[in-house]
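Notes for the structure review
Residue-level listing of the chains:
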Amino acid sequence: DAGVTQSPTHLIKTRGQQVTLRCSPKSGHDTVSWYQQALGQGPQFIFQYYEEEERQRGNFPDRFSGHQFPNYSSELNVNALLLGDSALYLCASRSREWEETQYFGPGTRLLVL
Amino acid sequence: QKEVEQNSGPLSVPEGAIASLNCTYSDRGSQSFFWYRQYSGKSPELIMFIYSNGDKEDGRFTAQLNKASQYVSLLIRDSQPSDSATYLCAVIGSGTGGFKTIFGAGTRLFVKA
């Protein structure tokens with residue numbers, strides 16, 4: 001049973017560039033959430049996708065956008081990268097939109113220079 | 001006031017001792033509470049969840065919840081060096097229209113052999 005997978009594992013970008021991160025949920029899961037975790041901090045909720053729609057959003061600017069595909073996989077896009085966007089980006093999936101238990105992928109570590 | 005607060009630590013305990021990790025939250029309407037363990041460079045791993053006041057035990061781990069005091073704790077009995085990690089408290093708040101999980105910054109635990 002495959003768990004949550006994310007790609008790439010590491011990424012280096014420069015300020016002003018755009019980045020796309022990818023996530024495949026755990027088998028049987030249809031809801032995906034994205035989090036940003038800065039060094040020494042807890043994960044911060046970015047948004048959640050269910051049925052290919054953004055259902056909830058945290059306090060992140062519009063530079064952060066996402067998408068969910070019919071196979072439940074998801075993308076996180078960040079435009080006009082800032083140095084402060086450097087972080088570990090985590091994807092988590094759950095079996096239903098209202099299921100509270102979620103499982104995290106290994107994360108993508110983004111460094112913005 | 002932060003929504004979920006944890007002592008950043010580090011908390012250092014000898015092998016075999018009880019480690020006590022604490023967390024307070026600000027949203028009195030919160031209903032669901034989680035403890036995650038995160039090893040350095042890895043993603044969070046769910047240890048336990050608790051919904052009702054009182055204690056919930058799972059092996060060496062006991063979660064305690066006191067909604068009146070807005071306090072949740074995690075006890076680790078017979079601590080092992082492999083328990084050395086950052087422990088994240090997470091809360092699903094009320095009135096968010098869904099399942100927005102709010103994390104604390106985490107407490108670093110060191111178990112000395």
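These notes cover the structure that comes with them. The structure displayed is predicted, hence computed values, not measured ones.

1. What about the packing of aromatic side chains?
Geometry of an aromatic ring pair is reported as the spacing of the ring centres plus the angle between the planes. Evaluation of the coordinates by the stated rule reveals 12 aromatic pairs over all chains. Judged by centre distance (5.3 Å) and plane angle (50°), the ring pair of Y36 of chain B and F103 of chain B falls under tilted. Of the two residues, Y36 of chain B sits in strand 4 (residues 32-38) while F103 of chain B sits in strand 10 (residues 101-103), which places them 67 residues apart along the sequence. Pair check on accessibility: Y36 of chain B and F103 of chain B agree, each one buried. Among the aromatic side chains, those forming a connected cluster through ring pairs are Y35, F45 and F104 of chain A together with F34, Y36, F49, Y51 and F103 of chain B.

2. Focus on the interface of chain B and chain A
Between chain B and chain A, the contact holds 22 residues from the first and 22 residues from the second. Taken together, the two surfaces of chain B and chain A that pack against each other cover about 1600 Å², and 50% of this comes from carbon and sulfur. Scanning the region where chain B abuts chain A turns up zero salt bridges. Of all the elements in the fold, those that place two or more residues in the side of chain B that touches chain A are strand 4, strand 5 (45-50), strand 9 (85-92) and strand 10 of chain B. No other element matches the four residues that strand 4 of chain B contributes to the side of chain B that touches chain A. Across the side of chain B that touches chain A, the residue classes tally to 11 nonpolar, nine polar and two charged.

3. A closer look at a nonpolar patch on the surface
Residue and element names in this part refer to chain A. A grouping of I12, L111 and L113 is seen on the molecular surface, where their side chains present a nonpolar patch of about 300 Å² in accessible area. Among the secondary structure elements, I12 is positioned in strand 2 (residues 10-13). A relative accessible area of 60% means that I12 is categorised as exposed.

4. Points about the pattern of salt bridges
Scanning the entire structure with this criterion turns up seven salt bridges over all chains. Measuring nitrogen to oxygen at the nearest pair gives 3.1 Å for the salt bridge that ties E54 of chain A to R57 of chain A.

5. A word on the pairing of strand 8 (residues 71-76) of chain B
All names here are of chain B. Note that strand 3 (residues 19-25) and strand 8 share six bridges and pair antiparallel. When the bridges of strand 8 are listed, A19 appears paired with I76. Note that strand 7 (residues 61-66) and strand 8 share six bridges and pair antiparallel. Directly across from F61, in strand 8, lies its bridge partner I76.

6. With respect to the state of the cysteines
Here, disulfide denotes a covalent bond that connects the sulfur atoms of two cysteines. As enumerated under the stated definition, the model contains two disulfides over all chains in all. The disulfide bridge from C23 of chain A ends at C91 of chain A, spanning 1.8 Å between sulfur atoms. What sets the handedness of the C23 of chain A and C91 of chain A disulfide is the S-S torsion sign, and at about -55° it is left-handed. Placement of C23 of chain A in strand 3 (residues 19-24) and of C91 of chain A in strand 9 (residues 87-94) is noted, with a sequence separation of 68 residues between them. For the pair C23 of chain A and C91 of chain A, a shared accessibility class is recorded, and that class is buried. Sulfur-sulfur distance for the disulfide between C23 of chain B and C89 of chain B comes to 2.1 Å. Judged by the sign of its S-S torsion, about -70°, the cystine formed by C23 of chain B and C89 of chain B is left-handed. Residue C23 of chain B is located in strand 3, and its partner C89 of chain B is located in strand 9; the two are separated by 66 residues in the primary sequence. Here the two residues C23 of chain B and C89 of chain B agree in accessibility, since each one is buried.

Conventions adopted
Residues numbered from 1 in each chain as written. Chains lettered and ligands numbered in written order. Predicted model: local features only at pLDDT ≥ 70, side-chain atom pairs only at ≥ 80, totals over all residues. Heavy atoms only, no water. Phe/Tyr/Trp six-rings, centres within 6.5 Å; stacked < 30°, edge-to-face > 60°. Helix = DSSP H or I, 4+ residues; strand = E, 2+ residues; numbered from the N terminus. Buried < 20%, exposed > 50% of the residue type's maximum accessible area, 1.4 Å probe, protein only. Contact = heavy atoms within 4.5 Å. Buried area = accessible area lost by both parts, 1.4 Å probe. Salt bridge = Lys/Arg side-chain N within 4 Å of Asp/Glu carboxyl O. Nonpolar A, V, L, I, M, F, W, Y, C, P; charged D, E, K, R; others polar. Patch = residues over 30% accessible without salt bridge, like charges linked within 9 Å, V, L, I, M, F, W, Y side chains within 5 Å. Areas by Shrake-Rupley, 256 points an atom, 1.4 Å probe, with all protein chains shown as cover. Pairing = 2+ DSSP bridges. Disulfide = S-S within 2.5 Å.

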